[in-house]
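Close look at the chain arrangement
These are the residues of each chain, in order.
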Amino acid sequence: MSEPLQESLPPAARPITRAVLEIDEYASGLGWDQPARLFALVDTAALLKTEPGLARQLGLEPGGTGNEFTPIEQDEVPKGTPLDKFLGTIAWPDAVAGCALVVERLILPPTAEAKLPEGVSEQELGAWVAKHPERQEVRMTVAVLRDGTRETALRLRRKDSAREVLTGPALVPGLAEALLTTFA
């Protein structure tokens, strides 16, 4: 990301929440129907001290608070590789305080989930969900820190506005757990 987006974000109480909202805003600017994106979360003060050239390239200025995270986008997530297999290949250096993943998915309301067809392949199930009249497209930005702290931002395509983004630490627990395994 070439410039911090902190100025355009609503106030958030926790640094990880601010980082998740910054990544969500960045992903929003790219539009929908994007591939999954992986980010390292690094301590901004440490980055300014140890990598001043990279900090300048990212548009970071000295003098900010010492308890912020800077998201740094990683190489593209390989297409066709299941996320759980891909995440199993990641090992972060000690300088990385956390990580975040942005993925788009189709979701169904609980009433529709109760009617899921049984005994069908994953591909057939995906096709059924894609055709369901109550389906919704959602972009999930899930972040975790080494200490287990987590945060999620959810953005529905039909309510594609920063004011409509939902946040919370337990919105996508399975994906948060999968991200935490990258620090094991």
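Residues numbered from 1 in each chain as written. Predicted model: local features only at pLDDT ≥ 70, side-chain atom pairs only at ≥ 80, totals over all residues. Heavy atoms only, no water.

All right, on to the overall build of the chain then. Helices and strands together make up the secondary structure of the chain, namely seven helices and six strands. Listing each helix as α and each strand as β along the chain from the N terminus yields α-β-α-α-β-α-β-α-α-β-β-β-α. The 184 residues of the chain split such that 40% are buried. Entry remark: accessible area of the chain is about 10,400 Å², with carbon and sulfur atoms responsible for 53%. (Helix = DSSP H or I, 4+ residues; strand = E, 2+ residues; numbered from the N terminus. Buried < 20%, exposed > 50% of the residue type's maximum accessible area, 1.4 Å probe, protein only. Areas by Shrake-Rupley, 256 points an atom, 1.4 Å probe, with all protein chains shown as cover.)

Turning next to the packing of aromatic side chains. Applying the stated criterion across every chain yields a total of two aromatic pairs. Centroid distance tryptophan 92 to phenylalanine 183: 6.2 Å. Interplanar angle 25°. Geometry classified as stacked. Here tryptophan 92, found in the loop between α4 (83-87) and β3 (96-107), pairs with phenylalanine 183, found in the segment after α7 (173-180); they are 91 residues apart in sequence, far enough to count as distant. For the pair formed by tryptophan 92 and phenylalanine 183, the shared burial category is buried. (Phe/Tyr/Trp six-rings, centres within 6.5 Å; stacked < 30°, edge-to-face > 60°.)

Next up on the list: the pairing of strand β4 (residues 136-145). The buried count for β4 comes to eight of ten residues, which makes it a mostly enclosed element. Bridge count for β3 against β4 is ten bridges, and the pairing is antiparallel. Each bridged residue has a counterpart across the sheet, and for isoleucine 107 the counterpart in β4 is glutamine 136. Turn length for the β4-strand β5 (residues 150-156) hairpin, with the two strands adjacent in sequence and antiparallel, is four residues, and the turn residue glycine 148 shows positive phi of about 100°. (Pairing = 2+ DSSP bridges.)

On to the pattern of salt bridges. Considering all chains together, one arrives at ten salt bridges under this definition. For glutamate 151, the salt bridge goes to arginine 14, with nearest N and O atoms at 2.9 Å. Highlighted residues: glutamate 151 in strand β5 and arginine 14 in the segment before α1 (15-30), separated in sequence by 137 residues. Accessibility expressed as a relative area gives 4% for glutamate 151, which makes it buried. Ionic pairing is found between arginine 157 and glutamate 137, a salt bridge with its closest N-O pair at 2.7 Å. (Salt bridge = Lys/Arg side-chain N within 4 Å of Asp/Glu carboxyl O.)

The strand order across the open sheet formed by six strands is β2-β1-β3-β4-β5-β6, and the pairing between neighbours is antiparallel. Unpaired on one side and paired on the other, β2 (69-73) and β6 (166-168) mark the two borders of the sheet. With strand direction ignored, the average angle separating the axes of adjacent strands in the sheet is 20°. Sheet strands touched by α1: β1 (37-43), β2, β3, β4, β5 and β6. Its angle to β5, the strand with the most contacts, is close to 30°. Along the sheet, α7 contacts β3, β4 and β5; its crossing angle with β4, the most-contacted strand, is approximately 40°. (Axes fitted to C-alpha atoms, helices over the stretch in contact; angles between N-to-C directions. Contact = heavy atoms within 4.5 Å.)

A separate point is the confidence of the model for the chain. Detailed reading of the predicted coordinates is not advisable wherever pLDDT is low. Summing up the model confidence of the chain, the mean pLDDT is 84 and the portion of residues at 70 or higher is 90%. Confidence drops under a pLDDT of 50 for residues 1-10, and excluding neighbours within four residues, the segment shows 24 contacts in the predicted structure. (pLDDT = per-residue confidence, 0-100.)

One finds Trp92 and Leu101 to be the most contacted residues of the largest nonpolar core, which totals 30 residues. Elements with a minimum of two residues in this core: β1, α4, β3, β4 and α7. Discounting chain neighbours no more than four positions away, the residues touching tryptophan 92 are Leu38, Phe39, Ala40, Gln74, Cys99, Arg146, Thr182 and Phe183. Among the nonpolar cores identified, the runner-up in size contains 15 residues, and Ile16, Leu21, Phe69 and Ala143 belong to it. (Core = buried A, V, L, I, M, F, W, Y, C linked by side-chain atoms within 4.5 Å.)

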